[in-house]
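Analysis of the macromolecular model
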Amino acid sequence: MFKQNSSGAWVPDFPNYQLGEAFAAGVWNLATGGSRFAPAMRPALSLEQTLSALKEVGCTHVEFHDTEAEPEDADSIMTAVRNAGMLVSMCTANLFKRGPEFANGNFGSPVAHTRAESVRRTKNYIRTGIEVFDAKVYVYWNSSNGFGGPLQVNYKDVYQMTADGLSEVVQWMLAEYGPERALPIAIEPKPNEPVNWGVPADCGEALAIIALMPEEYRPFVGVNIETCHSHMIAKRYAAELGLAAAAGKCFYCHLNGGTGLKYDEDIAFGDNDFGVAIESVYTLKEIGYSNIVGIDCQPLNTDTADQQSASVARSVRNF
């Protein structure tokens, strides 16, 4: 999914959509709800029901973690996606909920075995994304990567080891598939949750990690900036998009909303602050973003069984 430009540099060969023509949401965005403070609110939907609901509210594409779409089930899952008249935009390996060893990081973990397992799982799902899903981007969400308290990690090493893990993945991907079939990898930063201090925390840190990689691997890694993650660290989302674009690294975007320096609320895009929505869409137009627009929001706790896709629907409408 890369091509050479006139200077001979490798650049992503993304789909060329008019802004607002193609939307994606994750299968996890239609959910039963519940938390450690609340019970499940709604019945679970089948994959077919989820895909149908997403298609009905305006999504052309769907996103998967390997926890919802295991590699061994990928062929049958892809059949369901095609039957729904949809495509896969993004895939990502779950590096945060696979076992207790991931509680203290993944690519940047101080434990060598955990770093190796993170790389292995990432390679495995990139293979699935290329060979089965025909995905357009692979997202590395930092998730458990980072630290929980003072001196829990070597601060220099956690950044370098994260860059080294990504480099190992890119090296393998290019050897296995070549640049033309390689999936663009987009780092999705988040400042906290599940760890107290996430690495990378924001767009600037993600770009710094890319700069720590060997020069020949840097073209294949960019960023996926999410609205709520930016708000959690008091960043202006549209400015983060602008920074990513200035570096030529705006590989994907995730739109939702939040109410400030809190947790990852995943409110529908535009519901809480319509001014943020206007600025975000304006900036996406201004930077010439032509890829799929990702929506990452959750149903409200009070939503009923037949309202599971309502937050996604409002996000598309508000956009």
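Just so you know, these numbers come straight off a predicted model, no measurement behind them.

Turning next to the overall build of the chain. Scanning the chain for helices and strands turns up nine helices and twelve strands. For 319 residues, the compact-globule formula gives about 20 Å, and the C-alpha radius of gyration of the chain, at 18 Å, lands near that figure. Here the C-alpha coordinates of the chain stretch approximately 50 × 45 × 40 Å along the principal axes. A total of 319 residues make up the chain; the buried ones form 55% of that total.

What follows covers the packing of helix H2 (residues 74-83) against helix H3 (residues 112-133). Across the interface, H2 lies against H3 with an axial gap of 10 Å and an inter-helix angle of 50°. Considering their axes alone, H2 and H3 lie oblique with respect to each other. Where H2 crosses over H3, the two elements pack in a sense that is right-handed. Residues Ala74, Asp75, Ile77, Met78 and Arg82 of H2 lie in contact with H3, whose contacting residues are Thr128, Val132 and Phe133.

All right, on to the nonpolar core then. Within the largest apolar cluster, 89 residues are counted, with the highest numbers of intra-cluster contacts made by Val62, Phe64, Val81, Phe133, Tyr138, Met173 and Ile185. With nine residues, the single largest contributor to this core is helix H4 (residues 155-181). Beyond its immediate sequence surroundings of up to four residues, Met173 is in contact with Ile126, Ile130, Gly178, Ala182, Leu183 and Ile185.

This next bit is on the pairing of strand E4 (residues 61-65). Burial analysis of E4 places five of its five residues in the buried class, the great majority of the element. Note: strand E3 (residues 23-26) against E4, three bridges, orientation parallel. For Ala25, the partnering residue across the bridge sits in E4 and is Val62. Note that the unit made of E3, helix H1 (residues 47-56) and E4 has a crossover that is right-handed. Pairing between E4 and strand E5 (residues 87-92): five bridges, direction parallel. Bridge assignment links His61 to a residue of E5, and that residue is Leu87. Where the polypeptide runs from E4 across H2 and back to E5, its parallel neighbour, the crossover connection is right-handed.

The amide bond that connects Glu193 to the next residue, Pro194, takes the cis arrangement and shows omega of 15°. Mapping Pro194 onto the fold places it in the loop between strand E8 (185-188) and strand E9 (197-198). For the peptide bond that leads from Val199 to Pro200, omega is -5°, which places it in the cis range. Counting through the fold element by element, Pro200 comes out in the loop between E9 and helix H5 (203-211). Backbone geometry at Leu151 places phi at a positive 60°, although glycine is not the residue there. Tracing the backbone shows Leu151 in the loop between strand E7 (146-147) and H4. Exposure remark for Leu151: the relative accessible area of 71% places this residue in the exposed category. The phi dihedral of Glu193 is positive, around 70°, even though this residue is not glycine. Topologically, Glu193 is positioned in the loop between E8 and E9.

What counts as what
- All residue numbers refer to positions counted from 1 along the written sequence of the respective chain.
- Totals for whole chains, interfaces and linings use every residue, but because this is a predicted model, local features are given only for residues with pLDDT of at least 70 and side-chain atom pairs only at 80 or more, for both listing and counting.
- Hydrogens and water molecules were not included; the side-chain quantities draw on all heavy atoms of the structure.
- The way it works is that DSSP assigns letters per residue, a run of H or I at least four long becomes a helix, a run of E at least two long becomes a strand, and they are numbered from the N terminus.
- Taken over C-alpha atoms, the radius of gyration is set against a globule rule of 2.2 Å times the number of residues to the power 0.38.
- Type-normalised accessible area, obtained with a 1.4 Å probe on protein chains alone, sets the label of each residue: buried when under 20%, exposed when over 50%, and partly exposed for intermediate values.
- Here the axes come from fitting lines to C-alpha atoms, over the contacting stretch only for helices, and the angles between their N-to-C directions go from 0 to 180 degrees.
- Reported orientations rely on four angle classes, namely roughly parallel under 35 degrees, roughly antiparallel over 145, roughly perpendicular from 65 to 115, and oblique for the rest.
- For a crossing to be left-handed, the near helix must be turned anticlockwise from the far one by less than a right angle; the clockwise case is right-handed.
- Any pair of residues with heavy atoms lying within 4.5 Å of one another is described as a contacting pair.
- Throughout, nonpolar core names a set of buried Ala, Val, Leu, Ile, Met, Phe, Trp, Tyr and Cys residues whose side chains join them through atoms within 4.5 Å.
- Strands pair, by our definition, only if DSSP identifies at least two bridges between them.
- When the strands point away from the viewer, a crossover counts as right-handed if the path from the first strand over the helix to the second runs clockwise.

This is a description of form; function is not addressed.
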